[in-house]
Amino acid sequence: VTGKGMTSPQRTLFPPEKISMDWRQKRRPGAGLYNLGSTCYLNVILQCLTYTPPLANYLLSRQHSRFCDQQGFCMMCIMEDHVRKVLYSSATAIRPRAVIRDLKCKQLQVLQLVFFPSVKGELITSFLVIGEFKPDIPGDAYEFLRCTLNAMHRACLSGSSDLDNSSQETSIIHEIFGGFLRSRVTCLSCKTVFDFFKVFLDVLLKIKGASSLTTALDDFVKPKEVDGKKYFKCSKCKKKVAASKVVTVHHAPRVLTVCLGRADHRSSRKLSQVVEYPECLDLRPYTSDPAGEPILYSLYAVVVHTGHTCLGGHFFCYTKASNGQWYKMNDVSVDSCAIHTVLGQQAYLLFYAR
């Protein structure tokens, strides 16, 4: 077996042992968020990140802003202020104007080039629209989540331009949300096995024909043949050959974020079928070592989309507050609910914590 894509970091930016997965302070749920036009896609991600315990613990400690020397835009500083306002506010709802005001198009253009260099055409326009946060243009919650996490990660790297890639992946954002996928490719000609590793902050699953999260994960790790136009160039055979490929979770993240891909690219419509998901998930069967001890996750947030197309309609979410109670957060409204209500939704994004 030969491998590529995993090297030890020369420097650790944030010590993983300092991450607290349990809430350090228990309190009532925070404020709702005003919809400033068509910004529900933004509100649900802000709420889900606010109720991510290890991230909230870090942001509330102000560990970043106390030492931040970044001039102008800093997504970590913005999120620090936002989370404190939401959780400490006595108001029933607040306006997330700072997030919208400070995320300028120029900053998202940088993110587009750094993190999505291969994206072309209409998707580039979509990312830039999200960067501009035009209230009258709806956006996608999943795209905003990716842009937000990447912006926070880049803020953690400010002043550390000389870091190797592995060291960059030790930021607080990668320590919380980051994991490794392994692609194991087997040459069907000489039987040589090649391993390729890739960092991920979220997992996008195909759900067409899937009745549950576990069946979608089963399909995700199912062996697939690489042939036709996608022939694999075997370094031993020195030519393009047919091959088989298996993708597995090689290093499990502390927080697992899953997107149930509801966009049907053939019809441009939304896949609206119910996909069941559990409150407690064992990720072990989908890892590179499926016979080991269970890797258990607990559900703490769910994003729901209503509407016939993925870029229209409305987003709302369910989050588990530090008091252990579930709440439906629909822009300004924050209402308590039972777990059976949470588990019966047409979910779009699922957030699980170790």
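The shown structure was predicted, so the numbers you read here are calculated from the model rather than taken from an experiment.

## Observations concerning the overall build of the protein chain
- Each helix and strand in the protein chain was counted, giving 11 helices and 19 strands.
- Taken across its 354 residues, the protein chain has 51% of its residues classed as buried.
- Restricting the contact set of the protein chain to residue pairs at least 6 apart, pairs at least 24 apart contribute 69%.
- Approximately 17200 Å² of the protein chain is accessible, and the part contributed by carbon and sulfur atoms is 51%.

## Description of the pairing of strand S18 (residues 333–337)
- Where strand S17 (residues 326–330) lies against S18, five bridges are found, and the strand directions are antiparallel. The residue bridging tryptophan 326 from the neighbouring strand is cysteine 337, located in S18.
- In this structure, the hairpin formed by S17 and S18 is closed by a connection of two residues, where aspartate 331 is found at a positive phi of approximately 55 degrees.

## Section: the side chain of threonine 287
- On the secondary structure map, threonine 287 appears in the loop between strand S14 (280–282) and strand S15 (296–306).
- The class of threonine 287 is buried, set by a relative accessible area of 6%.
- Engagement of the side chain of threonine 287 in a polar contact is seen with the backbone oxygen of arginine 284, the distance being 2.8 Å.
- Contact partners of threonine 287, with chain neighbours within four places excluded, come to Thr248, Val249 and Ile295.

## Quick look at helix H10 (residues 213–220)
- For H10, the complete set of buried residues consists of Leu213, Ala216 and Leu217. On an axial view of H10, the arc spanned by its buried residues comes to 100 degrees, and they lie on one face.
- Where the residues of H10 are buried, they touch strand S6 (203–206), strand S11 (255–261), S14 and strand S19 (347–353).

## Describing the layout of surface pockets
- When its volume is computed, the second largest pocket comes out at roughly 410 Å³.
- Lining the second largest pocket are 16 residues, and of these Leu13, Tyr58, His64, Phe67 and Cys156 sit closest to its centre.

## With respect to the state of the cysteines
- Under the definition given, this model contains zero disulfides.
- Cysteine cysteine 187 is unpaired, with the sulfur of cysteine 190 as its nearest cysteine sulfur at 3.6 Å.

## Re the packing of aromatic side chains
- On inspection of all chains with the given rule, the structure shows eight aromatic pairs.
- Each ring, one from tryptophan 23 and one from tyrosine 51, has its centre 6.5 Å from the other, and the planes form 65 degrees; the classification is edge-to-face. Taken as a pair, tryptophan 23 in the loop between strand S1 (2–4) and strand S2 (32–33) and tyrosine 51 in the loop between helix H1 (40–50) and helix H2 (53–60) lie far apart in primary sequence, 28 residues in all.
- Ring centres of phenylalanine 316 and tyrosine 318 lie 5.9 Å apart, and the angle between their planes is 70 degrees; on these two criteria the pair is classed as edge-to-face. In this pair, the class of phenylalanine 316 matches that of tyrosine 318, namely buried.
- Put simply, the rings of Phe194, Phe196 and Phe232 touch in pairs and so form one group of aromatic residues.
- Over the aromatic face of phenylalanine 316 sits the side chain of lysine 328, whose NZ or CZ is 4.7 Å from the ring centroid.

## Description of the nonpolar core
- Formed by 60 residues in total, the largest nonpolar core has its most connected members in Met76, Ile172, Ile173, Phe177, Val303 and Leu349.
- Broken down by element, this core gets its largest block of residues, nine residues, from helix H7 (residues 141–156).
- Excluding its chain neighbours within four sequence positions, the residues that come into contact with leucine 349 are Ile45, Ala141, Tyr142, Leu145, Val258, Cys259, Ala301, Val302 and Val303.

## Brief notes about a positive patch on the surface
- On the surface, a cluster of positive charge is contributed by Lys198, Lys206, Lys224, Lys230 and Lys245.
- By the secondary structure assignment, lysine 245 is in strand S10 (residues 243–251).

## Some details on the confidence of the model for the protein chain
- Counting all residues, the mean pLDDT for the protein chain is 85, and 85% of those residues have values of 70 or more.
- Across residues 104–133 the pLDDT falls below 50, and counting only partners more than four positions away or on other chains, this stretch makes 45 contacts in the model.

## Some details on H7
- Here H7 is 16 residues long and its end C-alpha atoms lie 23 Å apart, about the 22 Å a rise of 1.5 Å per residue gives.
- Among the 16 residues in H7, 14 count as buried, and that is most of the element.

## Some thoughts on the pattern of salt bridges
- Within the structure shown, the criterion is met by seven salt bridges.
- Note that aspartate 81 and arginine 62 form a salt bridge whose closest N and O atoms lie 3.5 Å from each other. Residue aspartate 81 is located in helix H3 (residues 75–88), and its partner arginine 62 is located in the loop between H2 and H3; the two are separated by 19 residues in the primary sequence.
- In this structure, lysine 222 engages aspartate 219 in a salt bridge whose closest nitrogen and oxygen atoms are separated by 3.4 Å.

## A short note on empty space enclosed by the protein
- Applying the stated criterion across every chain, the model contains five cavities of 30 Å³ or more.
- Its volume calculated, the largest cavity comes out at about 60 Å³.
- Considering the residues around the largest cavity, the lining is formed by Phe14, Lys18, Ile19, Ser20, Arg24, Pro54, Asn57, Tyr58, Gln63, Ile172 and Ile176.
- Secondary-structure elements contributing two or more residues to the lining of the largest cavity are H2 and helix H9 (172–177).
- Here the residues of the lining of the largest cavity are counted per class, giving six nonpolar, three polar and two charged.

Each value, and the rule that gives it
Throughout this description, residue numbers start from 1 for each chain and increase along the sequence as written. Since the coordinates come from a predicted model, pLDDT governs what is reported: local features require at least 70, and pairs of side-chain atoms require 80 or more to be given and counted, while whole-chain, interface and lining totals use all residues. Think of the side-chain values as coming from all heavy atoms in the structure, minus any hydrogens and water. Helix and strand definitions follow DSSP, with helices as H or I runs of at least four residues and strands as E runs of at least two, each counted in order from the N terminus. Using a 1.4 Å probe on the protein chains alone, a residue whose accessible area is under 20% of its type maximum counts as buried, one over 50% counts as exposed, and one in between counts as partly exposed. Contacts are assigned to residue pairs that have any heavy atoms within 4.5 Å of one another. To be clear on the numbers: accessible area is Shrake-Rupley with a 1.4 Å probe, and residue cover counts the displayed protein chains and nothing else. Should DSSP find at least two bridges between two strands, the strands are taken to pair. Polar contact is the term for a pair of N or O atoms within 3.5 Å; when the atoms are in protein, one must be able to donate a hydrogen and the other to accept it, and sequence-neighboring residues count only if both atoms are side-chain atoms. Of all possible arcs, the one meant is that of the directions from the helix axis to the C-beta atoms. Computed over the protein atoms alone on a 1 Å grid, cavities are sets of points where a 1.4 Å probe fits but cannot get out and pockets are open sets with protein on both sides within 12 Å along at least five of seven lines; a residue lines them when it has an atom within 4 Å of a point. Grid points are joined across faces, edges and corners, and a volume is the space filled by probe spheres set on the points. For this text, the term disulfide refers to a pair of cysteine sulfurs within 2.5 Å. Centres within 6.5 Å make a pair out of two Phe, Tyr or Trp rings, where for Trp the six-membered ring is used; the pair is then stacked when the planes are under 30 degrees apart, edge-to-face when over 60, and tilted otherwise. For a lysine, the NZ atom is tested; for an arginine, the CZ atom; a charge sits over a ring if that atom is within 6 Å of the ring centre and within 35 degrees of the ring normal. To qualify as a nonpolar core, a set must consist of buried Ala, Val, Leu, Ile, Met, Phe, Trp, Tyr and Cys residues joined through side-chain atoms within 4.5 Å. Excluding any residue in a salt bridge, patches collect residues exceeding 30% relative accessible area, merging like charges within 9 Å and nonpolar Val, Leu, Ile, Met, Phe, Trp and Tyr side chains within 5 Å. Between Lys or Arg on one side and Asp or Glu on the other, a salt bridge is scored when a side-chain nitrogen of the former is within 4 Å of a carboxyl oxygen of the latter. Just so you know, the count uses Lys and Arg for positive and Asp and Glu for negative, and it drops His and the chain ends. Every charge is mapped to an atom, namely NZ of Lys, CZ of Arg, CG of Asp or CD of Glu. The score called pLDDT rates the predictor's confidence residue by residue, from a low of 0 to a high of 100. An expected span of 1.5 Å times one less than the residue number is assigned to each helix. Amino acid classes used here: Ala, Val, Leu, Ile, Met, Phe, Trp, Tyr, Cys and Pro are nonpolar; Asp, Glu, Lys and Arg are charged; the rest, including Gly, are polar.

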